[in-house]
Amino acid sequence: MTPTTGSALVDALEAVVPGAVARAVPASELSTYRLGGPFEVVVRVPDAASLARLVPLVADVPCLVIGRGSNLLVADTGYPGVGLVLAGEFD
C-alpha cells in the first residue's frame, strides 16, 4: 500500500478531533465480516460539526465513510486513504 496521507494531514485531522485519529487500523476491527487489511488512517467522527470541519481536509485523498461496518469489504492489501468512522451522535 502506497501512503497517500502525510503527517501534515494526520496532524490537521488530529487538531479537529483530538485522540480520535489512528494509523494502520485493520478493517477487521470496523467490519461485521471481520476481515480485510488496514486503513491507512482512521478518524472516529463524534458529531456533525466535526464531520463538517474534516471534509475539506480529506477532499483530495481517498476517503471512505463508515457507519456500522455491515457489508464493508476491504482488500487484504488495505485501504490507502482515510476511513471516517461515524460514531458518537451518529450511533
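Residues numbered from 1 in each chain as written. Predicted model: local features only at pLDDT ≥ 70, side-chain atom pairs only at ≥ 80, totals over all residues. Heavy atoms only, no water.

**Section: the overall build of the protein**
- Helices and strands together make up the secondary structure of the protein, namely 2 helices and 4 strands.
- Listing the helices and strands of the protein from first to last along the sequence gives α-β-β-α-β-β.
- A compact globule built from 91 residues should have a C-alpha radius of gyration of about 12 Å, and the protein, at 12 Å, falls within 12% of that.
- With the principal axes as the frame, the protein shows a C-alpha extent of 30 × 30 × 20 Å.
- Counting across all 91 residues of the protein, residues that qualify as buried make up 38%.
- Long-range contacts, defined here as pairs at least 24 residues apart, represent 62% of the contacts in the protein between residues at least 6 apart.
- For the protein, the accessible area works out to roughly 4900 Å², and carbon and sulfur atoms hold 57% of it. (Helix = DSSP H or I, 4+ residues; strand = E, 2+ residues; numbered from the N terminus. Rg over C-alpha atoms; globule rule 2.2 N^0.38 Å. Buried < 20%, exposed > 50% of the residue type's maximum accessible area, 1.4 Å probe, protein only. Contact = heavy atoms within 4.5 Å. Areas by Shrake-Rupley, 256 points an atom, 1.4 Å probe, with all protein chains shown as cover.)

**Side note on a nonpolar patch on the surface**
- A surface patch of nonpolar side chains, about 320 Å² in accessible area, is lined by Tyr33, Leu35 and Leu73.
- Within the secondary structure, Leu35 is located in the loop between β1 (21–26) and β2 (38–45).
- Residue Leu35 is classed as partly exposed on the basis of its relative accessible area of 40%. (Patch = residues over 30% accessible without salt bridge, like charges linked within 9 Å, V, L, I, M, F, W, Y side chains within 5 Å. Salt bridge = Lys/Arg side-chain N within 4 Å of Asp/Glu carboxyl O.)

**As for the environment of Val42**
- With respect to the helices and strands, Val42 occurs in strand β2.
- Accessibility expressed as a relative area gives 2% for Val42, which makes it buried.
- Spatially, the C-alpha atom of Val42 lies 4.6 Å from that of Gly83, the residues being 41 residues apart in sequence.
- Among residues more than four places away in sequence, those in contact with Val42 are Ala20, Val21, Ala22, Val25, Leu30, Gly83 and Val85.

**A closer look at the side chain of Ser31**
- Mapped onto the secondary structure, Ser31 falls in the loop between β1 and β2.
- Reaching out from Ser31, the side chain makes a polar contact with the backbone oxygen of Leu72 at a distance of 2.9 Å.
- Ser31 has contacts with Gly69 and Leu72, leaving out every residue within four places of it along the chain. (Polar contact = N/O pair within 3.5 Å; in protein donor to acceptor, adjacent residues only side chain to side chain.)

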